[in-house]
Amino acid sequence: MAHQHEEAFFKNLMTEVHSLWRQEQLCDVRLKAQNQVVSAHRVVLAAVSPYFKAMFCSHLDESQQTEIEIQGLSSSVLHMIVEYAYTSVLLLTEENVQMVLHAASIMHISSLEHLCTKFLMEQLHPSNCLGIRDFAQCLGCFTLYASADSYCQDNFLEVSQNDEFLHLSATQVVDLVARDKLKVRKEEEVYTAVMRWLEFDPEGRVEDMVKIMENVRLPLVQWEFLMGKVSKHKLFTNNEQCRHYFQEARAFQASIYHPDLLNFAFNESVLRAQPRVGFGATEYLYAVGGETTNRDILCRLESFNPITNKTKQLTPMPTIRRSLSVVVIEKMLYAIGGSDGTSAINTVEMYNTEKDTWMPRAGLCEPRASLSAAAVDDKIFALGGHNGLNALRSVEIYDVDTNSWSATTEMLSSRSMAAAVSIHSQIFILGGYDGSMDLSSAEVLDTRNFQWKPISSMHEARSMMDAAVLEEKIFVVGGSSESQCLASVEAYDPSTNQWTVVQSLNIPRRGVGVAFIGGSIYAAGGHDGNTYLNSIEKYCKYSKEWTTVGCMEDFRGRFGFA
């Protein structure tokens, strides 16, 4: 009870002091800014601000003056500061917050500095974070500086596309792009940002580009980007040192095929070839489950790094399964359905790509082996498959937020061993097996109205293939047609409803895994008609050819790949 009494006492005291100030009673100092005067009580100002306490409790001339000129402050801000001293209330806006923080910093009003810092931290945006960072540095506001700096680092792509980035000094650009923790999905984003900075003032900045390019990790960009864009820029044809960085990157990437080209005689190249910490786990491809020699069913999981073309074994899936489907949403890989070798299963498991751990999720409404799956936003669509008796037309939707499956509109045809992809709000399912024959037909679901409609048929009937999207076109790769393994590939353009035959794989592959990453399509594993494969081919959109780039540790087919 005594505690409540004290609170009421002090609240009443400040109310009375505020009332005296509003009526300009017993005020003993007048503060002047821009020819405007604000009256106040010295004791209140001194209690709130060490700046005023030092001024009034010293032998300075101001301690005896009744009117004091406050330099460098607007009259409106001075009035807000004084009112805050009496009420602890202040209305901050985007227009006044920097002026108020500047005043609070001068006057060492820590509580007001905290309020302004919190406000500005909540306002951080790619278009203003660099300016806020500079402002905080000038004031010595280290908490705000650290927050703005982290924001710039964590949102580099968006920040680099705003005007503030174009006005950075060369030293500031180097500071950002040199960071190992710079959050970018791929190094092409860093290269594009610094070239945009250069083009803003080509003549004035060309001399700075050598020290900036020294910190761009060119060995990590895709080969097609390196040869198609970097090599053709005049910076790399006219500048000897930048040309050296290009040659180093080319040698690093070519060393995959010719190890003798790799020469790490100096440490700089080693650093430039190191992936940044910000390269997320979703920048890997994952191969999970499937079957191998003697039809052994796997639970093994491995990742494929498209930068180094190396694979790595990860924590195995708790359940063995083949003929499953996988989808990645927000760094979570979902392994859906499949077969345990005896029967179709309905279980679903989720792999956390950052923690290397598995956990069970809600099971499908019905068992599905050889199903197809695709995602739109945070919803996973499980399409068709085989329940052990029949090929299915049914479709289920998984809601990530509620961890639940529910039935939705059935497909036009029964399909197992088909391929599915999503483009924007549409899901396409292609080919497959209907229980009696391989299919060339395809259909599309509009997830806005949940209606299916047929699209043009493929040139070739096929099942046990896979598909991926490249530049808004669907590439259907390999598979099987009447028990014949296929190497053929065809692409569908939704804008024209037309299929086009493209370059075939180097090896026929049924039960192949196909996925898109880093601007390229990868086809992994499968069965060539004689044996299971572990090789991985990559499709180059520039040369329009397939090249073998690496191998999985496991020989496998009918596995999940995403």
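Residues numbered from 1 in each chain as written. Predicted model: local features only at pLDDT ≥ 70, side-chain atom pairs only at ≥ 80, totals over all residues. Heavy atoms only, no water.

**Q** Help me understand the overall build of the protein chain in this model?
**A** Looking only at helices and strands, the protein chain has 18 helices and 29 strands in total. Scaling as 2.2 N^0.38, a compact globule of 562 residues should have a C-alpha radius of gyration of about 24 Å, whereas the protein chain reaches 32 Å, well beyond that. For the protein chain, buried positions account for 49% of its 562 residues. Sequence separation of 24 or more characterises 54% of the internal contacts of the protein chain that already satisfy a separation of 6 or more. For the protein chain, the accessible area works out to roughly 26400 Å², and carbon and sulfur atoms hold 50% of it. (Helix = DSSP H or I, 4+ residues; strand = E, 2+ residues; numbered from the N terminus. Rg over C-alpha atoms; globule rule 2.2 N^0.38 Å. Buried < 20%, exposed > 50% of the residue type's maximum accessible area, 1.4 Å probe, protein only. Contact = heavy atoms within 4.5 Å. Areas by Shrake-Rupley, 256 points an atom, 1.4 Å probe, with all protein chains shown as cover.)

**Q** Would you mind showing me how to read a negative patch on the surface here?
**A** A cluster of acidic residues, Glu-330, Asp-377, Asp-378 and Asp-401, forms a negative patch at the surface. Within the secondary structure layout, Asp-401 lies in the loop between strand S13 (395–399) and strand S14 (404–408). A residue is classified by how much of its surface remains accessible, and Asp-401, at 66% relative accessible area, is exposed. (Patch = residues over 30% accessible without salt bridge, like charges linked within 9 Å, V, L, I, M, F, W, Y side chains within 5 Å. Salt bridge = Lys/Arg side-chain N within 4 Å of Asp/Glu carboxyl O. Lys, Arg positive; Asp, Glu negative; His and termini not counted. Charge placed at Lys NZ, Arg CZ, Asp CG, Glu CD.)

**Q** Please clarify how empty space enclosed by the protein should be interpreted in this entry.
**A** Tallied over the entire structure, the rule returns 1 cavity of 30 Å³ or more. Of the volumes computed, that of the largest cavity is approximately 150 Å³. As for the largest cavity, its lining consists of 15 residues, of which Arg-185, Lys-186, Glu-283, Pro-306 and Ile-307 are closest to the centre. Its residues assigned to classes, the lining of the largest cavity comprises 7 nonpolar, 3 polar and 5 charged. (1 Å grid on protein atoms, 1.4 Å probe; cavity = no way out; pocket = protein on both sides within 12 Å on 5 of 7 lines; lining within 4 Å. Points joined across faces, edges and corners; volume = space filled by probe spheres on them. Nonpolar A, V, L, I, M, F, W, Y, C, P; charged D, E, K, R; others polar.)

**Q** Where do I start with the packing of aromatic side chains in this structure?
**A** In this description, an aromatic ring pair is defined by two values, namely the gap between the centres and the angle between the planes. In total, this model carries 16 aromatic pairs according to the counting rule given. Seen from their ring centres, Phe-156 and Phe-165 are 5.9 Å apart, and the 85° between their planes marks the pair as edge-to-face. With relative accessibility at 0%, the residue Phe-165 sits in the buried group. When the ring of Phe-559 is compared with that of Phe-561, the centres are 5.9 Å apart and the planes differ by 70°; the resulting orientation is edge-to-face. Residue Phe-561 is classed as buried on the basis of its relative accessible area of 7%. (Phe/Tyr/Trp six-rings, centres within 6.5 Å; stacked < 30°, edge-to-face > 60°.)

**Q** In this structure, what is going on with the pattern of salt bridges? I would like to understand it.
**A** Close approach of charged atoms allows side chains with opposite charge to pair. Within this structure, the stated rule accounts for 27 salt bridges. One salt bridge connects Glu-189 with Arg-185, and the closest N-O pair in it is separated by 2.8 Å. When the shortest N-O distance is used, the salt bridge between Glu-443 and Arg-415 registers 3.0 Å. In this pair, Glu-443 sits in strand S17 (residues 442–446) while Arg-415 sits in the loop between S14 and strand S15 (419–423), placing the two residues 28 residues apart along the sequence.

**Q** Where do I start with the side chain of Ser-520 in this structure?
**A** Here Ser-520 is to be found in strand S26 (residues 520–524). What makes Ser-520 buried here is its relative accessible area of 2%. Residues within four places of Ser-520 in sequence aside, it is in contact with Gln-222, Glu-224, Ala-515, Lys-538 and Tyr-539.

**Q** Could you clarify how one ought to interpret the pairing of S26 in this entry?
**A** Walk down a regular strand and you will see the side chains alternate between the two sheet faces. In terms of burial, S26 is largely enclosed, as 5 of its 5 residues are buried. Here S26 shows a buried face lined by Ser-520, Tyr-522 and Ala-524 and a second buried face lined by Ile-521 and Ala-523. The pairing of strand S25 (residues 513–517) with S26 spans 5 bridges and is classified as antiparallel. If you follow Ala-515 over to S26, its bridge partner there is Tyr-522. What sits between S25 and S26 in their antiparallel hairpin is a turn of 2 residues, with Gly-518 showing a positive phi close to 60°. Where S26 meets strand S27 (residues 535–540), 4 bridges bridge the pair, whose relative direction is antiparallel. (Pairing = 2+ DSSP bridges.)

**Q** I tried to follow the sheet that holds strand S10 (residues 357–361) on my own but got confused; where do I start?
**A** To summarise the sheet geometry, strands pair through backbone hydrogen bonds and adopt either a parallel or an antiparallel arrangement. Across the sheet, 4 strands lie side by side as S7-S8-S9-S10; this open sheet has antiparallel pairing. At either end of the open sheet lies a strand with only one pairing partner, and these are strand S7 (325–329) and S10. Neighbour to neighbour, the strand axes of the sheet diverge by 25° on average, direction disregarded. As paired elements, strand S9 (residues 348–352) and S10 share 5 bridges and run antiparallel to each other. Within the sheet, the bridge partner assigned to Asn-352 lies in S10 and is Thr-357. (Axes fitted to C-alpha atoms, helices over the stretch in contact; angles between N-to-C directions.)

**Q** Teacher, can you tell me more about the packing of helix H6 (residues 110–122) against helix H8 (residues 142–154) here?
**A** A packed helix pair is summarised by two numbers, namely the angle formed by the two axes and the spacing between the axes. The N-to-C vectors of H6 and H8 enclose an angle of 5°; their axes lie 10 Å apart at closest approach. Overall, the two elements H6 and H8 adopt an arrangement that is roughly parallel. Contact residues: Thr-117, Leu-120 and Met-121 in H6; Thr-143, Leu-144 and Ser-147 in H8. Among the residues making up the contact of H6 with H8, the classes are represented as 3 nonpolar, 3 polar and no charged. (Parallel < 35°, antiparallel > 145°, perpendicular 65-115°, else oblique.)

**Q** For this particular structure, what's the right way to read the environment of Asp-61?
**A** By the element assignment, Asp-61 lies in the loop between helix H3 (50–56) and strand S3 (67–69). Note: C-alpha distance between Asp-61 and Met-107 (46 residues apart in sequence) is 18 Å.

**Q** I tried to follow the packing of helix H7 (residues 129–139) against helix H11 (residues 170–177) on my own but got confused; where do I start?
**A** Closest axis-to-axis distance for the H7/H11 pair is 14 Å, and the angle between their directions is 110°. With respect to their mutual orientation, H7 and H11 come out roughly perpendicular. Here Leu-130, Arg-133 and Asp-134 of H7 come into contact with H11, specifically with Gln-172, Asp-175 and Leu-176. Residue classes in the contact of H7 with H11 are distributed as 2 nonpolar, 1 polar and 3 charged.

**Q** Just checking my understanding: could you explain the sheet that holds S27 for this structure?
**A** Across the sheet, 4 strands lie side by side as S25-S26-S27-S28; this open sheet has antiparallel pairing. Looking at which strands have only one partner, the edges of the open sheet turn out to be S25 and strand S28 (545–551). When the angles between neighbouring strand axes are averaged without regard to direction, this sheet yields 25°.

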